[in-house]
Amino acid sequence: MDTTSVPVIELRQVTKTFGRGTAAMQALRGVDLVIQSGEFVAVMGPSGSGKSTCMNILGCLDTPTTGSYLFQGVTVGSLSRDQRAILRRHYLGFIFQGYNLLNRTTALENVELPLIYRGDPVEVRHQRAQEALAAVGLSGWEHHTPGELSGGQQQRVAIARAIVTQPAVLLADEPTGNLDTARSQEIMDILTRLNFDQGITIVMVTHEPDMAAYARRTVHFRDGLVVPEHEIQHEGGA
Ligand SMILES: Nc1ncnc2c1ncn2[C@@H]1O[C@H](COP(=O)(O)OP(=O)(O)OP(=O)(O)O)[C@@H](O)[C@H]1O
Ligand SMILES: [Mg+2]
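Remember, predicted model here, so these are calculated numbers, not experimental data.

Caption draft 1: Layout of the site of ligand 1. Within the structure, ligand 1 sits among 13 residues, and S47, G48, K51, T53 and H207 are positioned closest to it. Backbone polar atom of G48 to an oxygen atom of ligand 1: 2.8 Å apart, as the coordinates give it. In the environment of ligand 1, an oxygen atom lies 2.9 Å from a nitrogen or oxygen atom belonging to the side chain of H207. Against a free-state accessible area of 640 Å², the protein chains account for coverage of 60% of ligand 1. Within the residue set of the shell around ligand 1, elements represented by two or more residues are β2 (25-35) and α1 (51-58). Residue contributions to the shell around ligand 1 peak at three residues, all from α1. Taken together, the residues of the shell around ligand 1 sort by class into four nonpolar, seven polar and two charged.

Caption draft 2: Quick look at the sheet that holds β2. Ordered by their spatial adjacency, four strands build an open sheet running β2-β1-β4-β5, and the pairing between neighbours is antiparallel. With partners counted over all chains shown, the strands left at the sheet margins are β2 and β5 (74-75), one partner each. Pairing analysis gives five bridges linking strand β1 (residues 9-18) to strand β4 (residues 66-71), with the strands arranged antiparallel. By the bridge assignment, T15 is partnered in β4 with T66. The sheet strands contacting α1 are β1, β2 and β4, and the helix crosses β1 at an angle near 120 degrees.

Caption draft 3: View of the packing of aromatic side chains. Tallying each qualifying case throughout the model produces two aromatic pairs. With a centroid separation of 4.6 Å and 20 degrees between ring planes, the pair formed by F94 and F96 is classed as stacked.

Caption draft 4: Spatial organisation of helix α3 (residues 107-117). Those residues of α3 not exposed but buried are A107, L108, N110, V111, E112, P114 and L115. On its buried face, α3 is in contact with α4 (122-135) and α5 (151-163).

Caption draft 5: Main features of the packing of α3 against α5. In the contact formed by α3 and α5, the axes pass within 7 Å of each other and the chain directions differ by 30 degrees. Between α3 and α5, the interaxial angle falls into the category roughly parallel. Considering only the axes of α3 and α5, their crossing is right-handed. In contact with A107, N110, V111 and P114 of α3, α5 contributes V157, A160 and R161.

Caption draft 6: Structural context of the pattern of salt bridges. Within the structure shown, the criterion is met by nine salt bridges. The shortest N-O distance in the salt bridge between R125 and E112 comes to 3.1 Å. Of the two residues, R125 is situated in helix α4 and E112 in helix α3; the sequence distance between them amounts to 13 residues. Residues E186 and R183 are paired through a salt bridge, measuring 3.4 Å at the closest nitrogen-oxygen approach. With a gap of three residues between them, E186 and R183 both fall in helix α6 (residues 181-198), about one helical turn apart.

Caption draft 7: Representation of the pairing of strand β7 (residues 169-173) in the model. Within β7, five of the five residues are buried, leaving the element largely enclosed by the surrounding structure. The alternating pattern of β7 places V169, L171 and D173 and L170 and A172 on opposite faces, both of which are buried. Pairing of strand β6 (residues 92-95) with β7, which is carried by four bridges, proceeds in the parallel orientation. Each residue of the ladder has a partner; that of F94, found in β7, is L171. Alignment of β7 against strand β8 (residues 201-205), held across five bridges, turns out to be parallel. Counted as the bridge partner of V169 is T201 from β8.

Caption draft 8: Expanded view of the nonpolar core. In terms of nonpolar packing, the biggest core is built from 37 residues, with I159, L170, L191 and M204 touching the most fellow members. Those elements giving two or more residues to this core turn out to be β3 (40-44), α3, α4, α5, β7, α6, β8 and α7 (209-212). The element best represented in this core is α5, accounting for six residues. Dropping the residues within four chain positions of it, L170 is found in contact with G93, F94, I95, A162, I163, L191, L194, I200, T201, I202 and V203.

Caption draft 9: The arrangement of the sheet that holds β6 in detail. The strand order across the open sheet built from six strands is β6-β7-β8-β3-β9-β10, with neighbouring strands paired in mixed fashion. Lying at the two open borders of the sheet, with one neighbouring strand each, are β6 and β10 (225-226). Contacts from helix α2 (residues 81-91) reach β6 and β7 within the one sheet, and its direction differs from that of β6 by about 70 degrees.

Conventions we followed
Residues numbered from 1 in each chain as written. Chains lettered and ligands numbered in written order. Predicted model: local features only at pLDDT ≥ 70, side-chain atom pairs only at ≥ 80, totals over all residues. Heavy atoms only, no water. Near = heavy atom within 4 Å. Polar contact = N/O pair within 3.5 Å; in protein donor to acceptor, adjacent residues only side chain to side chain. Areas by Shrake-Rupley, 256 points an atom, 1.4 Å probe, with all protein chains shown as cover. Helix = DSSP H or I, 4+ residues; strand = E, 2+ residues; numbered from the N terminus. Nonpolar A, V, L, I, M, F, W, Y, C, P; charged D, E, K, R; others polar. Pairing = 2+ DSSP bridges. Contact = heavy atoms within 4.5 Å. Axes fitted to C-alpha atoms, helices over the stretch in contact; angles between N-to-C directions. Phe/Tyr/Trp six-rings, centres within 6.5 Å; stacked < 30°, edge-to-face > 60°. Buried < 20%, exposed > 50% of the residue type's maximum accessible area, 1.4 Å probe, protein only. Parallel < 35°, antiparallel > 145°, perpendicular 65-115°, else oblique. Left-handed = near helix turned anticlockwise from the far one by under 90°. Salt bridge = Lys/Arg side-chain N within 4 Å of Asp/Glu carboxyl O. Core = buried A, V, L, I, M, F, W, Y, C linked by side-chain atoms within 4.5 Å.

Shape descriptors only; they carry no functional weight alone.
Listed below in structure tokens is the structure:
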């Protein structure tokens, strides 16, 4: 098989229902999505359209109700819990809007955390974490805690933590949602460089067209579905 043509990510008719019975809420209603290795994709769409639900499934933080998720051609649903943990720890990086850093822990220790989870030895952890912090322009800030860093710096620590495992795919859910324009552009420059220089596939949710413009393709969500390309062109005139 020619593995170079296998998409890094493929969703086939993915649905996600939260709750049961009359309280059931269908957040995803049959999402088809194909992302090739090396792509930088922006995900846009109204609040509640299912973007975060979809990202959580891509990040193996949640599972589809029906349909399938293939990662590099492998059906994620057929993996054991341990195998899924390996997928999460070795192949996927996740950046959240709210940074999710440990507050009383230094930048270096925050970045090392994913390597601790996967059992890397201490020397490897230190070196990789230092390299990741350097990649986001935070050399010299290793021993500061999040409270001693600005919002933009905290988000850069979160990016360093997401890339320290050298993932194939970086998933970012509104990574600039809490930042002003200048700080947002710094984050986008970092993501662009990671995509271009390191070939990391990036999937990024954003509400801001200026941020989506950094990506090479935009996927639009509406009512739990991906809007087909030909309908987006109609929307342009609306
Ligand atoms: N854990 C959950 N339990 C119940 N309902 C949920 C849960 N997570 C999401 N939902 C619902 O699923 C729908 C989609 O939510 P989701 O968070 O994916 O939207 P979104 O596109 O990311 O919106 P936003 O732009 O506001 O972040 C919403 O109606 C939401 O209330
Ligand atoms: Mg969301």
